[in-house]
Amino acid sequence: TGHKFTGTLKKYTASVSGDAASLKPEGFELKWSFKDLDTDDAKRDAEMIKWLGGADPKGGFKFNKSWTGKDGGQQGSGTLTIHGVSKEISFPYTVKKDDDWVTIDGQVSMDYQNFSLPIIRAMAVMTVDPQLVVRFHVVGKVK
């Protein structure tokens, strides 16, 4: 597309569980519709829906496990589903607690071709890099 852009998931459902004292995660499931992914460009958003197969394409993530990495940081893995294709992904993340509020931050790099999605070409010359970076920031109250 000639430039980088960011999209924000405006609506989703999430279910998170873990140990409130140690902040060790036990479960995390996220589901969304790509119609709720806003890139601040309505034409691009509409083209994305077509690229994903049209109608109301869904996505999801289900946490599998976490561990302490060699660098001492937290690592997690789970199953990401896009375009009806599920793949295992791994990523670093951080967890912070402030009173009853917990914040989880992280990012994962991935290749959208691994989800059976075609390379995006514009004007037969430009292509969208298939390497995507997904950043996540989840805030919730401990119950």
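About the cut-offs
- Residues numbered from 1 in each chain as written.
- Predicted model: local features only at pLDDT ≥ 70, side-chain atom pairs only at ≥ 80, totals over all residues.
- Heavy atoms only, no water.
- Pairing = 2+ DSSP bridges.
- Helix = DSSP H or I, 4+ residues; strand = E, 2+ residues; numbered from the N terminus.
- Axes fitted to C-alpha atoms, helices over the stretch in contact; angles between N-to-C directions.
- Salt bridge = Lys/Arg side-chain N within 4 Å of Asp/Glu carboxyl O.
- Buried < 20%, exposed > 50% of the residue type's maximum accessible area, 1.4 Å probe, protein only.
- Contact = heavy atoms within 4.5 Å.
- Polar contact = N/O pair within 3.5 Å; in protein donor to acceptor, adjacent residues only side chain to side chain.

### Some thoughts on the sheet that holds strand E7 (residues 85-98)
Spatially, E2-E3-E5-E6-E7-E8-E11 is the arrangement adopted by the 7 strands of the open sheet, whose pairing is antiparallel. At either end of the open sheet lies a strand with only one pairing partner, and these are strand E2 (13-18) and strand E11 (131-141). Sheet twist, expressed as the mean angle between neighbouring strand axes with direction ignored, is 20°. Bridging between strand E8 (residues 101-111) and E11 involves 11 bridges; their strand directions are antiparallel. Note that in E11 the partner of Thr103 across the bridge is Val139.

### A short note on the pattern of salt bridges
Any two side chains of opposite charge can pair, so long as their charged atoms come close to each other. In this structure the tally under the stated criterion is 3 salt bridges. Residue Lys31 pairs with Glu29 through a salt bridge whose shortest N-O separation is 3.8 Å. A residue is classified by how much of its surface remains accessible, and Lys31, at 47% relative accessible area, is partly exposed. A relative accessible area of 31% means that Glu29 is categorised as partly exposed.

### What to know about the environment of Ser33
Along the chain, Ser33 falls in strand E3 (residues 25-33). Here Ser33 falls in the buried class, since its relative accessible area comes to 9%. Apart from residues lying up to four places away in sequence, Ser33 is in contact with Leu9, Asp56, Pro57 and Lys58. Within the local environment of Ser33, its side chain forms a polar contact with the side chain of Asp56, the two groups lying 2.4 Å apart.

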